[in-house]
Amino acid sequence: MTTTTTDERALADLQREHGPALFHFLLGLTFGDRQRAEDLLQETLVRAWQHPEAFDGPYESMRPWLFTVGRRLAIDARRSRLARPAEVSDAVLESAPGREDTAESAVAALDVREAVRTLSPEHRAVLVQIYFRGLSVGETAEVLGIPAGTVKSRSYYALRLLSRNLPGYSHRSSSLSSGSRAAASATAA
């Protein structure tokens, strides 16, 4: 099976005569994206090469045919891009937070759970209210029926005890908060 294609010289003449105008038209359709406009221009010229019958049309110029093909290709390309998920650049991927290792967080939750069990019931009750349930000092005092100063004191001493009992504990509050979150999910389970 042989396919007929457009003569290369006719195609070169077509590109020389209509290429710049078609490129600027496609540039407008792609909102100034030069690379997409160039791709569409190339695809339009490939279609002209594949369809020599378009050169025999009743019109004086190939420009209307080229612009119609280019516009349809631009529409198809846009629909195709909208139909698939947006592409993500390397910069976005590098700035995205890494996924936590679930095994590591499970081990941390077990460590926190075990360390919390070593606390006295009074100290444990204060930590559960403040860190696991997210209550304020005043709310914790109200729930437990003790003064706010006692809540502060018990939480301070409970955290000091936890720092001794947790392996690899760092004195930064963010580490305890993430460990507390892990323990909260472990105790909730």
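Above this text you will find the structure in question.
Residues numbered from 1 in each chain as written. Predicted model: local features only at pLDDT ≥ 70, side-chain atom pairs only at ≥ 80, totals over all residues. Heavy atoms only, no water.

Draft legend 1. Here's a closer look at the overall build of the protein. From N to C terminus, the protein includes 9 helices and 0 strands. Going residue by residue from the N terminus, the α and β elements of the protein occur as α-α-α-α-α-α-α-α-α. Taking all 189 residues of the protein together, the buried fraction comes to 28%. In the structure as shown, the protein presents an accessible area of about 13,100 Å², 53% of it carried by carbon and sulfur atoms. (Helix = DSSP H or I, 4+ residues; strand = E, 2+ residues; numbered from the N terminus. Buried < 20%, exposed > 50% of the residue type's maximum accessible area, 1.4 Å probe, protein only. Areas by Shrake-Rupley, 256 points an atom, 1.4 Å probe, with all protein chains shown as cover.)

Draft legend 2. Fine view of the pattern of salt bridges. Applying the stated criterion to the full structure yields 4 salt bridges. The salt bridge involving Arg 36 is made with Asp 33; its shortest N-O contact spans 3.5 Å. Exposure remark for Arg 36: the relative accessible area of 36% places this residue in the partly exposed category. The partner of Glu 43 in a salt bridge is Arg 47, with the nearest N and O atoms 3.1 Å apart. Taken as a pair, Glu 43 and Arg 47 lie in helix α2 (residues 34–50) at a separation of 4 residues, close to a single helical turn. The partly exposed category is assigned to Glu 43, whose relative accessible area is 30%. (Salt bridge = Lys/Arg side-chain N within 4 Å of Asp/Glu carboxyl O.)

Draft legend 3. Quick peek at the packing of aromatic side chains. One pass over the structure, following the stated rule, counts 2 aromatic pairs. Ring geometry for Phe 25 against Phe 67: centres 4.7 Å apart, planes inclined by 35 degrees, an arrangement best described as tilted. With Phe 25 in helix α1 (residues 8–29) and Phe 67 in helix α3 (residues 63–83), this residue pair connects regions lying 42 residues apart in the sequence. Judged by centre distance (5.0 Å) and plane angle (80 degrees), the ring pair of Tyr 156 and Tyr 157 falls under edge-to-face. (Phe/Tyr/Trp six-rings, centres within 6.5 Å; stacked < 30°, edge-to-face > 60°.)

Draft legend 4. Quick peek at the nonpolar core. Counting 19 residues, the largest nonpolar core has Leu 14, Trp 65 and Leu 66 as the members making the most contacts within it. Of all elements in the fold, only α1, α2 and α3 reach the threshold of two or more residues within this core. Setting aside anything within four residues of it in sequence, one finds Leu 14 in contact with Gly 19, Leu 45, Ala 48, Phe 55, Met 62 and Leu 66. Counting 9 residues, the second-largest nonpolar core is a separate cluster that includes Val 112, Ala 115, Leu 159 and Leu 166. (Core = buried A, V, L, I, M, F, W, Y, C linked by side-chain atoms within 4.5 Å. Contact = heavy atoms within 4.5 Å.)

Draft legend 5. A look at the environment of Gly 70. Along the chain, Gly 70 falls in helix α3. Note: C-alpha distance between Gly 70 and Phe 23 (47 residues apart in sequence) is 9.2 Å. With near-sequence residues (within four places) excluded, Gly 70 lies in contact with Leu 26 and Thr 44.

Draft legend 6. Looking closely at the packing of α2 against α3. Viewed as axis vectors pointing N to C, α2 and α3 meet at an angle of 125 degrees, and their least axial separation amounts to 9 Å. The angle between α2 and α3 places the two elements in the oblique class. For the element pair α2 and α3, the recorded crossing hand is right-handed. Of α3, the residues touching α2 (which contributes Arg 36, Leu 40, Glu 43, Thr 44, Arg 47 and Ala 48) are Trp 65, Leu 66, Val 69, Gly 70, Leu 73, Ala 74, Ala 77 and Arg 81. Classifying every residue of the contact of α2 with α3 by side-chain character gives 8 nonpolar, 2 polar and 4 charged. (Axes fitted to C-alpha atoms, helices over the stretch in contact; angles between N-to-C directions. Parallel < 35°, antiparallel > 145°, perpendicular 65-115°, else oblique. Left-handed = near helix turned anticlockwise from the far one by under 90°. Nonpolar A, V, L, I, M, F, W, Y, C, P; charged D, E, K, R; others polar.)

By themselves, these figures tell us nothing about what the structure is for.
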